[in-house]
Amino acid sequence: MERWNRMPELPEVETIVRALARSVRDLTVETVSILRGDILRGGSLSGSSLAGARVAGVERVGKNVVLLFEPPASLVINLGMTGRLLFHAPGERAARVPVPHRHAAIRFSNGGALCYHDARRFGSLLITKRLDIAVLLGIGKDPFQMSARELRGILAKRNAPVKAVLLDQKAVSGLGNIYADETLYRARVHPATRARKAAEHAGVILSSARAVLRRAIRRGGTTLRDYRTPDGSKGSFQHELAVYGRTGQPCTGCGAAIQKTIIAGRGTHFCPSCQRPA
Ligand SMILES: [Zn+2]
């Protein structure tokens, strides 16, 4: 298994969102401390604008965690490569968490706290009165939201490799390097296939993406290095990866050695026998 820092994708963010919803829904914000001003994205309101607001819900928008508040406001959290959200229940000693990389903390009136940690600060926070976050961020629908017909339309217009289009958050949100590779393997589509030629396989690509993502969500996501759920536990989908990080190892379907190439600047894993170039 190759191990490197990676950005959480749809299953990891969905896992975080579900856990956070159980912890913070209906809590009232007491204070928001932004300890590194540069963690706030341009156009963000200040943390103090959330004081007194109630957490009405937690949602995933693409690969972003979004806390929705009442009165209406949104906190959009992009975890970057190494960002972590940790929830401290009321009375729990937050001191055992390493402080140097804690960049923001929301304290709730019941004594609980939600802290954002990021060792490398590729992540960001955005506080906004807007609720249409997908529109605000300019990102496309995720594989659970779009139809095969919509995906066909997106692919048909593009000449780039299909893998590149699947990674483009403006086209399809939620997929990153791991799940794009796993999706195309399951769909038996070579990642270098031109998107406009892969468009005829949009149905199987979409159903494959959903199957891979659903299974990964059930496993709590894929932990290669940094990703943790808000209670500090790891996902386990890394044990079920078919191609990602398996360069040189036998394909579980046909026994051929999994190959690695670079597409859209990203290491791309595929089976040269199961996924034939179009
Ligand atoms: Zn194979």
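Residues numbered from 1 in each chain as written. Predicted model: local features only at pLDDT ≥ 70, side-chain atom pairs only at ≥ 80, totals over all residues. Heavy atoms only, no water.

## As for the overall build of the protein
The helix and strand tally for the protein stands at 7 helices and 10 strands. For the protein, whose C-alpha radius of gyration is 20 Å, the value lies close to the compact-globule estimate of 19 Å for 278 residues. Taken along the three principal axes of its C-alpha coordinates, the protein extends 55 × 35 × 30 Å. The burial tally for the protein puts 53% of its 278 residues in the buried class. Put simply, 67% of the contacts in the protein that link residues at least 6 apart link residues at least 24 apart. In the structure as shown, the protein presents an accessible area of about 12,200 Å², 49% of it carried by carbon and sulfur atoms. (Helix = DSSP H or I, 4+ residues; strand = E, 2+ residues; numbered from the N terminus. Rg over C-alpha atoms; globule rule 2.2 N^0.38 Å. Buried < 20%, exposed > 50% of the residue type's maximum accessible area, 1.4 Å probe, protein only. Contact = heavy atoms within 4.5 Å. Areas by Shrake-Rupley, 256 points an atom, 1.4 Å probe, with all protein chains shown as cover.)

## Here we look at the coordination of the zinc ion
Within the protein, the zinc ion binds to Cys251 (SG), Cys254 (SG), Cys271 (SG) and Cys274 (SG); these donor distances fall in the range 2.3 to 2.4 Å. Taken together, the 4 donor atoms surrounding the zinc ion define angles of 99 to 114 degrees at the centre, an arrangement classified as tetrahedral. Donor residues for the zinc ion sit on one chain with the sequence pattern C-x2-C-x16-C-x2-C. Remark: Cys271 occurs in the segment after strand S10 (266–270) and Cys251 occurs in the loop between helix H7 (202–218) and strand S9 (259–263); sequence separation between them is 20 residues. This pair shows no difference in class: Cys251 is buried, exactly as Cys271 is. (Donors = N, O, S within 2.8 Å, 3.2 Å for Na, K, Ca; no water. Tetrahedral: all angles 85-135°; square planar, octahedral: opposite > 155°, others 65-115°.)

## Description of the sheet that holds strand S6 (residues 102–108)
Within the open sheet, the 4 strands sit side by side as S1-S6-S7-S5. Their pairing is antiparallel. Every other strand in the sheet has two partners, leaving strand S1 (29–34) and strand S5 (83–88) as the edge strands with one partner each. When the angles between neighbouring strand axes are averaged without regard to direction, this sheet yields 15 degrees. Two strands pair when backbone bridges link them, and S1 and S6 are joined in this way by 5 bridges, in the antiparallel orientation. Each residue of the ladder has a partner; that of Ile34, found in S6, is Ala104. Each of S5, S6 and strand S7 (113–118) is contacted by helix H1 (residues 10–24), which is oriented at about 25 degrees to S5, the strand it contacts most. (Pairing = 2+ DSSP bridges. Axes fitted to C-alpha atoms, helices over the stretch in contact; angles between N-to-C directions.)

## Brief notes about the sheet that holds strand S4 (residues 73–78)
Strand order across the open sheet formed by 4 strands is S2-S3-S4-S8, with antiparallel pairing between neighbours. Each edge of the open sheet carries a strand with a single partner, namely strand S2 (54–61) and strand S8 (124–128). Each strand of the sheet is rotated relative to its neighbour by a mean of 20 degrees, with strand direction disregarded. Across 5 bridges, strand S3 (residues 64–70) lies against S4 in antiparallel orientation.

## Remarks on the packing of aromatic side chains
What the rule picks out here adds up to 1 aromatic pair. For the ring pair Tyr179 and Phe237, a centre distance of 5.9 Å and an interplane angle of 35 degrees mean the geometry is tilted. Here Phe237 lies in the loop between H7 and S9 and Tyr179 lies in helix H5 (residues 177–187), a separation of 58 residues in the sequence. Pair check on accessibility: Tyr179 and Phe237 agree, each one buried. (Phe/Tyr/Trp six-rings, centres within 6.5 Å; stacked < 30°, edge-to-face > 60°.)

## Considering H7
Taking 1.5 Å of rise per residue, the 17 residues of H7 would be expected to cover 24 Å, and the 24 Å separating its terminal C-alpha atoms lies within 8% of that figure. When we look at burial in H7, the residues that qualify are Ala202, Ile205, Leu206, Ser208, Ala209, Val212, Leu213, Ala216 and Ile217. Buried positions in H7, seen along its axis, are confined to an arc of 165 degrees and lie on one side of it. For H7, the secondary structure elements touched by its buried residues are H1, helix H3 (148–156), helix H4 (162–167), H5 and helix H6 (195–198). Positive backbone phi, at 75 degrees, marks Gly220, one or two positions downstream of H7. (Expected span 1.5 Å × (residues − 1). Arc of directions from axis to C-beta.)

## Considerations on unusual backbone geometry
Cis geometry marks the peptide bond from Glu70 to Pro71; its omega dihedral reads 0 degrees. Position of Pro71 relative to the elements: it lies in the loop between S3 and S4. Despite not being glycine, Asp26 has its phi angle at roughly 75 degrees, a positive value. Its place among the elements puts Asp26 in the loop between H1 and S1. Located in the positive-phi region is Arg188, a residue other than glycine, with phi close to 60 degrees.

## Considerations on the pairing of S9
Of the strand pairs in this sheet, S9 and S10 are connected by 5 bridges, and their pairing is antiparallel. Looking across to S10, one finds that Gln259 is bridged to Phe270.

## Here we look at the side chain of Glu9
With respect to the helices and strands, Glu9 occurs in the segment before H1. Of the residues examined, Glu9 reaches a relative accessible area of 2% and is grouped as buried. Setting aside residues up to four positions removed in sequence, Glu9 forms contacts with Lys63, Gly174, Leu175, Gly176, Asn177, Ile178, Tyr179 and Ala180.

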